[in-house]
Amino acid sequence: MTTRIPRRTFLQRSAALAATAAVHPTLVATQARAAAPAPAEKTIGLQVGAVSFVDEGVDRVLDILQEKGAVNTIFLTTFTYGRGLAGRQIPGQPFPDHGSQESDEKTFHGGNYATPHAEFYKNTVLRDTRAPEHGDFDVVAAVLPAVRRRGMKLFCSVEDVFRPDIAGVNETAEVDLSGNKTGTLCLYHPDVRAFWTGLVTDLCTSYDIDGILFFNERNGPLLRALGTSHAQDIASARVTCFCEHHRRAAREQGIDFDRAHAGYSKLNEFVQAALSDRRPSDGYFVEFWRLLVEWPEILAWNRLFDAAKHEVVAEVNAAVKAVRENLEVGFHIEHVNSFNPIFRATRRYDDLAGRADFLKVVAYNNCGGERYARFIRNVGSNVFRDVPHEELLRFNNHVLGYGDEAGMNELATAGLSADYVARETRRALAGVQGKCRILPGIDIDIPTDPTSRKATPNDTYAATAAALAAGAHGVILSRKYSEMRLANLAAAGRAVRDSA
Ligand SMILES: [Zn+2]
């Protein structure tokens, strides 16, 4: 296990060192070096899914990750129906220089790539989730012994991405503004809560792993309505969730369900008017702010979503610790947290630090340019429609504390810089106030549009080095090995070794 110095001890040592400094500067320098974590203790993680081990062999993949990437921790995609973490390269993108060169578009299914044990799913209708595409292959059982022989660690990654044809999804699905069921699960549904705690308890009980990395990239209704995440379209008529469980949760928190529904209907009208260029007489921003003033339930309803999402993280954490106290839980903080100030305001790093042992803070720089530009275009089409995109970008750079990044026309082709990675790392470290570790997510060949930035070894080296030099407790190379080119992986590994 990684040696972690408890914060109180660390502070006492620091104070003692400071007191000694005046007398014995040389001694202090030696002690300070000894007290700093050795590079080998940093978590050098990499995300990888079952298909890579099936295609390339367990030992061969681990050899490559250790030798090229200096990886000491495997974040093994164990549960998801999403292609961001599981499966081969996504369709339409070039294959990397390893693994099968054939698309799994037709065979990819997703689900639980380990073996579900029925006793952990008694309190949920979501009990039939075994991923079928690799037959009896159990990825955790197959990879864990080889990981242990090498002295590496293994975390199971689990992600809140479902598909509509799975048993139980219809019963637990969110309900949108028009009363239609969606493909996403309601986080206030008791069966959904029981599924997440059951799944992580199953994994931690059935396998001798080191912990769980939990992913939930879903946004609340406000951002969904405005399309203010990089990956989202503007879907103001399809915001969620207006189900009976949300009605109950709202009542418990003193929020008026009907006024929330009416507020989101007004917001939908505002967004649709903006998209068809019908400017309110007082301007777009003023009209938006007026909606928030007159319908405070809009923000309250968004907060209700965030509360459920973070309650799930806390419940996952408690469930994992109930199996073994020394198991660790990490929480993936999605990219939108980095470039959307409205989202940022809803994420307190110090609060999240109390729910997890480490935060994987996404600081993907290459694809970041394209994603940030998309965010600017989306908010620039409704709330900030009166502001030219270039000026909106510059304003946002100041608000977010970014440095000298490319302008609107070059942003997607330039990507974001290594300086951006360093700044986001430092912000997270300052935010958590020492209460948990920060492992920035490093972009290695995350797919982008054909004309947008593609990772080079120099980019990858610079981003990895920047995160480590900024004081990160390690890095997590992302998103998945099956989309990474080996030269870029090796560049990340060189940066890790050079930082030692
Ligand atoms: Zn609901």
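Structure's up top.
Reading guide: rules and limits
- Residues numbered from 1 in each chain as written.
- Predicted model: local features only at pLDDT ≥ 70, side-chain atom pairs only at ≥ 80, totals over all residues.
- Heavy atoms only, no water.
- 1 Å grid on protein atoms, 1.4 Å probe; cavity = no way out; pocket = protein on both sides within 12 Å on 5 of 7 lines; lining within 4 Å.
- Points joined across faces, edges and corners; volume = space filled by probe spheres on them.
- Nonpolar A, V, L, I, M, F, W, Y, C, P; charged D, E, K, R; others polar.
- Donors = N, O, S within 2.8 Å, 3.2 Å for Na, K, Ca; no water.
- Helix = DSSP H or I, 4+ residues; strand = E, 2+ residues; numbered from the N terminus.
- Buried < 20%, exposed > 50% of the residue type's maximum accessible area, 1.4 Å probe, protein only.
- Pairing = 2+ DSSP bridges.
- Core = buried A, V, L, I, M, F, W, Y, C linked by side-chain atoms within 4.5 Å.
- Contact = heavy atoms within 4.5 Å.
- Salt bridge = Lys/Arg side-chain N within 4 Å of Asp/Glu carboxyl O.

Asks: Honestly, empty space enclosed by the protein in this entry has me stumped. Any pointers?
Replies: With a probe scaled to a water molecule rolled over the atoms, the places where space remains empty come into view. The full count for this structure, using the stated rule, is two cavities of 30 Å³ or more. Its volume calculated, the largest cavity comes out at about 70 Å³. What lines the largest cavity is simply S52, D55, E56, R88, Q89, F95, P96, H98, G99, S100 and S482. Of the residues that constitute the lining of the largest cavity, the class distribution is two nonpolar, six polar and three charged.

Asks: Explanation requested: the coordination of the zinc ion in the structure shown.
Replies: Here the zinc ion is held by the protein donor atoms C186 (SG), C241 (SG), C243 (SG) and H246 (ND1), which lie 2.2 to 2.3 Å from it. Written as a sequence motif, the donor arrangement for the zinc ion is C-x54-C-x1-C-x2-H. One end of the pair, C186, is in the loop between β6 (181-185) and α7 (190-206); the other, H246, is in helix α9 (residues 244-252), and 60 residues separate them in sequence. On the basis of relative accessible area, C186 is assigned to the buried category, the value being 0%.

Asks: Please clarify how the pairing of strand β12 (residues 474-478) should be interpreted in this entry.
Replies: Both faces of the sheet carry side chains from a regular strand, because those side chains alternate between them. Counting buried residues in β12 gives five out of five residues, a clear majority hidden from the surface. Burial along β12 is two-sided: the residues G474, I476 and S478 and V475 and L477 are all buried. In this structure, strand β1 (residues 43-48) lies alongside β12, joined through four bridges in parallel fashion. Paired with L46 across the two strands is L477, which belongs to β12. Direction of pairing for strand β11 (residues 441-443) relative to β12: parallel, over a ladder of three bridges. Among the inter-strand pairings, G441 is bridged to a residue of β12, identified as I476.

Asks: Mind showing me how you'd approach the nonpolar core here?
Replies: Proteins that are soluble and globular tend to have nonpolar side chains buried together. By size, the foremost hydrophobic cluster in this structure holds 133 residues, and its most contacted members are W196, I209, L267, L359, Y372 and L477. The element contributing the most residues to this core is helix α12 (residues 297-323), with ten residues. Setting aside anything within four residues of it in sequence, one finds W196 in contact with F79, V158, E159, D160, F162, L187, F214, V312 and V316. Core analysis: the next-biggest nonpolar cluster, separate from the first, contains eight residues, F155, F215, F358 and L439 among them.

Asks: Looking at this structure, how should I read the pattern of salt bridges?
Replies: For side chains bearing opposite charge, pairing can occur when the charged atoms are close. Within this structure, the stated rule accounts for 32 salt bridges. In this structure, R88 engages D55 in a salt bridge whose closest nitrogen and oxygen atoms are separated by 2.8 Å. You can see R88 sitting in the loop between β2 (73-80) and β3 (111-112) and its partner D55 sitting in helix α3 (residues 50-56), a full 33 residues away along the chain. With relative accessibility at 16%, the residue R88 sits in the buried group. Here R193 and E315 are joined by a salt bridge, their closest N and O atoms 2.6 Å apart. Of this pair, R193 sits in helix α7 while E315 sits in helix α12; the two residues are 122 residues apart in sequence, bridging distant segments of the chain. R193 gets classed as buried once you look at its relative accessible area, which sits at 13%. The network of salt bridges with shared partners includes D59, D63, R149 and R150.

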